[in-house]
Structures are given as C-alpha cells and as structure tokens.
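Chains, contacts and geometry: an overview
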Amino acid sequence: MELPPSAAHRAAYPLTRLPERVRTRLTELARTHAPLAAYLYDPDTAAARARELRAALPDWAAVYYAVKANAHPAVLAGLADHVDGFEVASVSELTLARTALDARTDPRPAAAPTPVLAAGPAKSTAVLTALVRADAESINAESLLELHRINHIAQRHGTTARVSLRVNPAHIPLTGSLQMGGVPSAFGVPEPDVPAVLAEAATLPALDVVGFHIHAASGNLDAESHAAYVRWCVTWATDTARAHGIDLRQIDTGGGLGVAFEDEKPFDTARFGALIADTPPPPGVRVILEPGRYLAAECGWYAAEVTDLKNSYGHWYAMLRGGINHFQLPTSWDIVHNIAVLPVDDWPAELPRPTAEDAPLTVVGELCTPEDTLLRDVRVDRIRAGDLVVFPNAGSYGWEFAMPHFLGHPAAERHVL
Ligand SMILES: *Cc1c(COP(=O)(O)O)cnc(C)c1O
C-alpha cells in the first residue's frame, strides 16, 4: 500500500559522514559504470568490528560470523583472520566459508575440524552430508529427525558428527522490556521435549552431542539485556547438560547484536563483555556468539543513480536505477534507512535536468509496484537527476536479502574498496 507522504521530515544523512574513500570511489564508479546501482564493501571495516568485539569478550567466548548477512568473498576473507569461524546454512555458504578459512594467515592443523557451525530449520541431506564431510565443528540440529539423519550420514561416512541441540526455550527472563521464549516456532526443539530428544540422541552411535544452541535475539542494541540473555543461556545449558549427562563443550547463543542506524545508542560491547564475564561457563566450555548484522552492516554502502526526479502534487519523488530488487531491507524490516545525496556533475547537455532544493523527498526504485519505496519524507538540500543516492549501513542483509528477479532489471553490482 502506498502511504501518503507525512508531515514529519528527517534530514538526509550528511554527505561528510560518508568516509572520503567511499565518496571518491562512488564518484569514479558513477562515471565508469553509469547508470550505477552497486554495493561497495570495505572488508577492513567488518574486520575492525570483529576485532573490537573479540577484544571486549572473555577468553572463553568465541565469535562465529553468520555468513547469511553478507557472503561476499572479500568480506569473508577480510573477516577470516578476526573471527573464530563462520556460521553457515547452505552448501554454497559452506563452500565460501571454507575458501576464506583456507586463505587464513595461520592455517589450522590438517586434522582439526573445520571451524563452521550450521543452523537451518530444514537441512537437506545434501547440506548435512557436506557438513559431515567437512568435519564441521558443530551441526546445530533442529529436530529429532534431523539428529537421526545426521547419525545415518556420519555412519555411512565412517565418522562421528559433532552436534548441538537447538532449543526453543519456554521462557527467557530478561532485564527491561525484552521477554523471549515460549513462542511456537519452526526453529529448534521446544524445551519440554529436550529430555526425550537427548535420551534418544544418546542411543545414536555416530553423534557426539557437544552442547546447545539458542538463537532468540534480533537487532538488540541493549548490552544489559543481551548480557542477561547470554548469562541465562550459560546457566540453562550448564544445568541441562548436568541433568542429562551431556559432556558440555559449547553453548551457542546465536546472533542478534544490533546496529544503531541513526539516532539510536550503539551496542556497548565493553559493557556487554564485562557483564557476561561475571557468569563464566564450566571450565573447557566455549560460549559462542554468531553475529551477522553487527559485523557486516557498517562495511557496506548501496548506491544508485537517480534516473528521474519529479514533483507530484507538491511532493518530490526520486526514482532510482535499482530499488527493492537490490536492497529490500528498509521495506521488509520497517527500518528507516536514511540516505546521503552524492552530487554527480556529469549530465548530457541535450537533456533537461530536474532538480529539487531544500525539499522533502520520497525515494523509490525502478519496479512497477508501490512496494518499491525505500525512504519517505527525507529533507535534502539538493538532489538532481543523475546524482547518486547512497545508503550507509547496507553491508548486512542487503544484496543477499533482495529480490533480484522481479521485473528482470540488471542485478546490483558489487565492488570492494
Ligand atoms: C541469522 C542468524 C544469525 C545472525 O543474526 P544477526 O541478527 O545478523 O546477528 C546467527 N545465528 C543464526 C542461527 C541465524 O539464523
């Protein structure tokens, strides 16, 4: 549904807040790749986020990057030396992760497991077989049937598979307003079923149950509540392992660290690290974080040329070469994703050049549907046809999460700084 423009206008993202190297590169690309519709990635930014996060954590905590947030090979290569491993869900993600891991500065010993974890509510035999053959550090099993499948595959390959049981907890008491758990879900085993599933898993000879996996948070900006969540996971997993004779080695707390988009307060990693340090797991047990968005969001920019600009009954619209076919996040998660306007001076002399100044603007894509609206009512100093609209914080759930086939326009390019 197309909503009418509202009266409240936010200011556009200041151009000066885009790193200069990003502005320079996008300006070059606008010249050489016109009409531009592209992601620009800076793997060093993702690596810096991973280093900061790890530096804030106790040494029993490990960071596995969730590849689904951004699977570009250069981003994975940039992260590989700065994370403990990768979290994957498909054969394709597993292959990309292994390529990045193989190029690490310090290669792992040949006999060591591949530092990948795997989740996914309906893992196919093809995915499970690839994970068993790769000797994945842990397959996060989502059901009793899946445990049986993994057991069969491991037996056929004459090996043992490490698995963690993904659990859908009944209740996670947290500080603040965030309460989680007890909601019906396709993900994981409901907590009341856990004892029976563990008992049956113990009868499957090719499984090594190493721990538990809980992924219950999303976009959490509050270090206090996320620490409370992780501490709850540690206590729950420790108690449950003890009660059911599980040789606990890992407690996977999933992803869900948030990224501040505009005026929000960023996630305080130092505070988070200090808070979880109070609740260490038993000796020899690792506590795993699987951030996707937190590591990747800031390493990407989505930039698209303004193909046309028009005033419709008093309100300005900028139409982009691109849209939700490249960048669907703002529409699907109700994020207000602000833009910067990067001026491009080249313009063909024979064409008129529509220009809006100090005006509220709605930014839409090239698709024939009003769903293709990326931002409403942003106030820009000036925008012209031919300028670039740039979305910062587009490094996670951008290119991967879009719908490139609808209407068949060219896919977004991907470039690396
Ligand atoms: C999506 C996902 C993540 C990453 O989530 P973010 O919110 O991007 O941190 C981690 N683990 C699992 C199992 C996931 O499905």
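As the structure is a prediction and not an experimental result, all values here were calculated from the model.

What counts and what doesn't
Per chain, residue numbering runs from 1 following the sequence as it is written. This being a predicted model, a pLDDT of at least 70 is required before a residue's local features are given, and a value of 80 or more before pairs of side-chain atoms are given or counted; all residues contribute to the totals for chains, interfaces and linings. Heavy atoms from the whole structure form the basis of all side-chain values; hydrogens and water molecules are not counted. For the purposes of this entry, the term helix denotes a DSSP run of H or I that reaches at least four residues, the term strand denotes a run of E that reaches at least two, and both are numbered from the N terminus. Summary of the burial criterion: residues with accessible area below 20% of their type's maximum are buried, those above 50% are exposed, and those between are partly exposed, where the area comes from a 1.4 Å probe applied to protein chains only. By the convention used here, residues are in contact when the closest approach between their heavy atoms is within 4.5 Å. Counting rule applied: Lys, Arg positive; Asp, Glu negative; His and chain ends not counted. To locate a charge, take NZ of a lysine, CZ of an arginine, CG of an aspartate or CD of a glutamate. Paired rings are identified among Phe, Tyr and Trp, the last through its six-membered ring, by centres lying within 6.5 Å, and are further divided according to the angle between planes into stacked (under 30 degrees), edge-to-face (over 60) and tilted (the rest). Here, a charge over a ring means that NZ of Lys or CZ of Arg falls within 6 Å of the ring centre while also lying within 35 degrees of the ring normal. What makes a salt bridge here is a side-chain nitrogen of Lys or Arg within 4 Å of a carboxyl oxygen of Asp or Glu, nothing more. For each residue, the test is whether any non-hydrogen atom lies within 4 Å of the molecule or strand; if one does, the residue is near. Polar contact criterion, stated in full: a pair of N or O atoms within 3.5 Å, where within protein one must be able to donate a hydrogen and the other to accept it, and residues adjacent in sequence count only if both atoms are side-chain atoms. We get accessible surface area from the Shrake-Rupley algorithm with a probe of 1.4 Å; when it comes to residues, only the shown protein chains can shield them. Just so you know the grouping, Ala, Val, Leu, Ile, Met, Phe, Trp, Tyr, Cys and Pro go in nonpolar, Asp, Glu, Lys and Arg go in charged, and all remaining residues, Gly too, go in polar. UniProt positions are given in the numbering used here, feature names are shortened, and annotations may be inferred rather than shown by experiment. For two strands to pair, DSSP has to find at least two bridges joining them.

Looking only at helices and strands, the protein chain has 11 helices and 18 strands in total. Split into buried and exposed, the 417 residues of the protein chain put 54% on the buried side. Put simply, of all contacts in the protein chain between residues at least 6 apart along the chain, 74% involve residues at least 24 apart. Treating the 34 positive side-chain charges of the protein chain as one cloud and the 49 negative ones as another, the clouds have centres 3 Å apart.

Next up on the list: the packing of aromatic side chains. Counting across every chain of the model gives 12 aromatic pairs. Taking 5.9 Å as the distance between ring centres and 25 degrees as the angle between the ring planes, the aromatic pair formed by Tyr39 and Tyr41 counts as stacked. These aromatic residues form a ring-pair network of at least three members: Tyr39, Tyr41, Tyr302, Phe327 and Phe391. Arg414 extends its terminal NZ or CZ atom over the ring of Trp399, reaching a point 3.6 Å from the ring centre.

The next point concerns the pattern of salt bridges. According to the stated counting rule, one finds 17 salt bridges in the structure shown. Glu146 is paired through a salt bridge with Lys123; the nearest N and O atoms lie 2.5 Å apart. With Glu146 in helix α6 (residues 144-156) and Lys123 in the loop between β5 (114-118) and α5 (125-133), the pair connects residues that are 23 residues apart, well separated along the chain. Residue Glu146 is classed as buried on the basis of its relative accessible area, which comes to 3%.

A few words on helix α3 (residues 73-80). Turning to α3, its buried residues are Val75, Leu76, Gly78, Leu79 and Ala80. Elements that come into contact with the buried residues of α3 comprise β2 (37-41), α2 (43-56), β3 (61-66), β4 (85-88), α4 (91-102) and α10 (293-296).

Here the focus is the site of the ligand. Close contacts around the ligand come from 13 residues, with Lys68, Gly256, Glu290, Arg293 and Tyr397 the closest. Gly256 places a main-chain nitrogen or oxygen 2.8 Å from an oxygen atom of the ligand. Considered on its own, the ligand offers 390 Å² of accessible surface; in the complex 90% of this is hidden by protein. Broken down by class, the residue content of the shell around the ligand amounts to four nonpolar, five polar and four charged.

Before going further, it helps to examine the UniProt feature "active site" (unreviewed entry) in the protein chain. The sites that UniProt annotates as "active site" (unreviewed entry) are Cys368. Note on placement: Cys368 falls in the loop between β15 (355-364) and β16 (373-384).

Further remarks concern the pairing of strand β12 (residues 300-312). Every regular strand shows the same layout, with side chains that alternate between the two sheet faces. Inspection of the sheet shows β2 paired to β12 by five bridges, in the antiparallel sense. The partner of Ala37 across the bridge, within β12, is Ala304. In terms of strand pairing, β12 meets strand β17 (residues 388-391) through four bridges, oriented antiparallel. Pairing of Ala303 across the sheet is with Val390, part of β17. The pairing of β12 with strand β13 (residues 315-320) spans six bridges and is classified as antiparallel. In the sheet register, Val306 faces β13, and the bridge partner there is Leu320. From the end of β12 to the start of β13, which pair antiparallel, there are two residues, and Tyr313 there has a positive phi angle of about 50 degrees.

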